[in-house]
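Each chain is listed here by its residues.
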Amino acid sequence: IIFNKDIVYYEYKPVHMHFTAGRTASATPILYTAYDLQKLEEGGRRMFDILNLNIKDIVVNAFPYAPHLAFWQTFYAAKGANVLSLHTGGGKILGTEKIIRAIESMKATCLVGMPGYLYHLIRAAKDKKADFSSLGSVIFGGERVPSGLRGKIKKDLASIGSKKPRILSTYAFTEGKSAWVECKEESGYHLYPDLEFIEIVDKNGERVSEGEKGEIVYTSLDWRGSVFLRYKTGDISKLHYEKCSCGRTLPRI
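Residues numbered from 1 in each chain as written. Predicted model: local features only at pLDDT ≥ 70, side-chain atom pairs only at ≥ 80, totals over all residues. Heavy atoms only, no water.

Chemist: How would you sum up the overall build of the protein? Please name residues and give values.
Modeler: Secondary structure assignment for the protein yields six helices and twelve strands. On C-alpha atoms alone, the protein measures out to a radius of gyration of 19 Å, which is about the 18 Å that the 2.2 N^0.38 rule sets for 253 residues. Over its C-alpha atoms, taken along the principal directions, the protein stretches across nearly 60 × 45 × 40 Å. As displayed, the protein offers around 12800 Å² of accessible surface, 54% of which is attributable to carbon and sulfur atoms. (Helix = DSSP H or I, 4+ residues; strand = E, 2+ residues; numbered from the N terminus. Rg over C-alpha atoms; globule rule 2.2 N^0.38 Å. Areas by Shrake-Rupley, 256 points an atom, 1.4 Å probe, with all protein chains shown as cover.)

Chemist: Tell me about the sheet that holds strand β7 (residues 166-171), and please be specific about residues and values.
Modeler: Adjacent strands of a sheet pair through backbone hydrogen bonds, lying either parallel or antiparallel. On the basis of which strands lie adjacent, the open sheet formed by seven strands has the order β4-β3-β5-β6-β7-β8-β9 and mixed pairing. Edge strands, defined here as strands with exactly one partner in the open sheet, are β4 (84-87) and β9 (189-190). Taken together, the four bridges between strand β6 (residues 137-140) and β7 define a ladder with parallel strand orientation. When the sheet's bridge partners are listed, Val138 is paired in β7 with Ile167. Lying over the sheet, helix α3 (residues 69-81) contacts β3 (58-61), β4 and β5 (110-113), oriented at roughly 160 degrees with respect to β4. Of the strands in this sheet, β3, β4 and β5 are in contact with helix α4 (residues 96-106), which crosses β3 at around 175 degrees. (Pairing = 2+ DSSP bridges. Contact = heavy atoms within 4.5 Å. Axes fitted to C-alpha atoms, helices over the stretch in contact; angles between N-to-C directions.)

Chemist: Before we move on, can you summarise the side chain of Glu196 with the specific residues and values?
Modeler: As for its position among the elements, Glu196 is in strand β10 (residues 196-201). Nearest to the buried, unbridged Glu196 among oppositely charged side chains is Arg46, at 7.0 Å. At 3.4 Å, the side chain of Glu196 and the side chain of Trp180 are in polar contact. Here the side chain of Glu196 touches Tyr192 through a polar contact of 2.7 Å, landing on its backbone nitrogen. When neighbours within four sequence positions are excluded, Glu196 is seen to be in contact with Trp180, Leu191, Tyr218, Thr219 and Leu221. (Buried < 20%, exposed > 50% of the residue type's maximum accessible area, 1.4 Å probe, protein only. Lys, Arg positive; Asp, Glu negative; His and termini not counted. Salt bridge = Lys/Arg side-chain N within 4 Å of Asp/Glu carboxyl O. Polar contact = N/O pair within 3.5 Å; in protein donor to acceptor, adjacent residues only side chain to side chain.)

Chemist: Account for the nonpolar core, with residues named and values stated.
Modeler: If you look at the biggest cluster of nonpolar residues, it comprises 67 residues, and the most contacted ones within it are Phe48, Ile103, Leu111, Leu121, Phe132, Val138 and Leu157. Ranked by the residues each element gives to this core, the list is headed by α3, at eight residues. Among all residues touching Val138, those that are not within four sequence positions of it are Leu111, Leu118, Ile122, Leu157, Arg166, Ile167 and Leu168. (Core = buried A, V, L, I, M, F, W, Y, C linked by side-chain atoms within 4.5 Å.)

Next up, the structure:
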């Protein structure tokens, strides 16, 4: 048996962490190995593919800079897709005014961040009569997106030059170690069945049929570091296997 410590360290030694309150009262670390960070990057690359973003796009990441999945997923997604990106750290780091100026001067095509903050940022841009004509996609993460908010943001973006903007959202929880995205509004979130196993269960923990409502239960597959077996998220959804209108055959929640 040949023991190669470099390979073992790459695959199993934790090198990065995020924190979550999860189902406990205190912050709990979720560990990533170097192997996991490559999977985080691959998951992000797939997200950009589902979003139809490509090498010509320019992304502004307005998530808060923190040991939190949303910021780092966006960082690794842009890296994996080889897309020019500015990781601002959000309003408390770079500041709203400078982010608005960056979107204008860089001619950013995609803005990513928390729904509440991006609503504030876009309203501020409207008040300043900023030029957001290059911006075609706004991607939300970290919070649930009320349907009415999409309409308000589209209206505000149209008033500062954005033409037919897409307002899309992601779904994630820190224990899942990667995020999932919708290809269009309300399409459902496209999963990665080689990386995780998702079940929808009833109150007794039994799987329900396709299209039936139940709790999302998550099991890690191709991950190292922190892994989870039948983690009950508390989130209610449905699971679909039919081909999406975008042509992809990935399961969706």
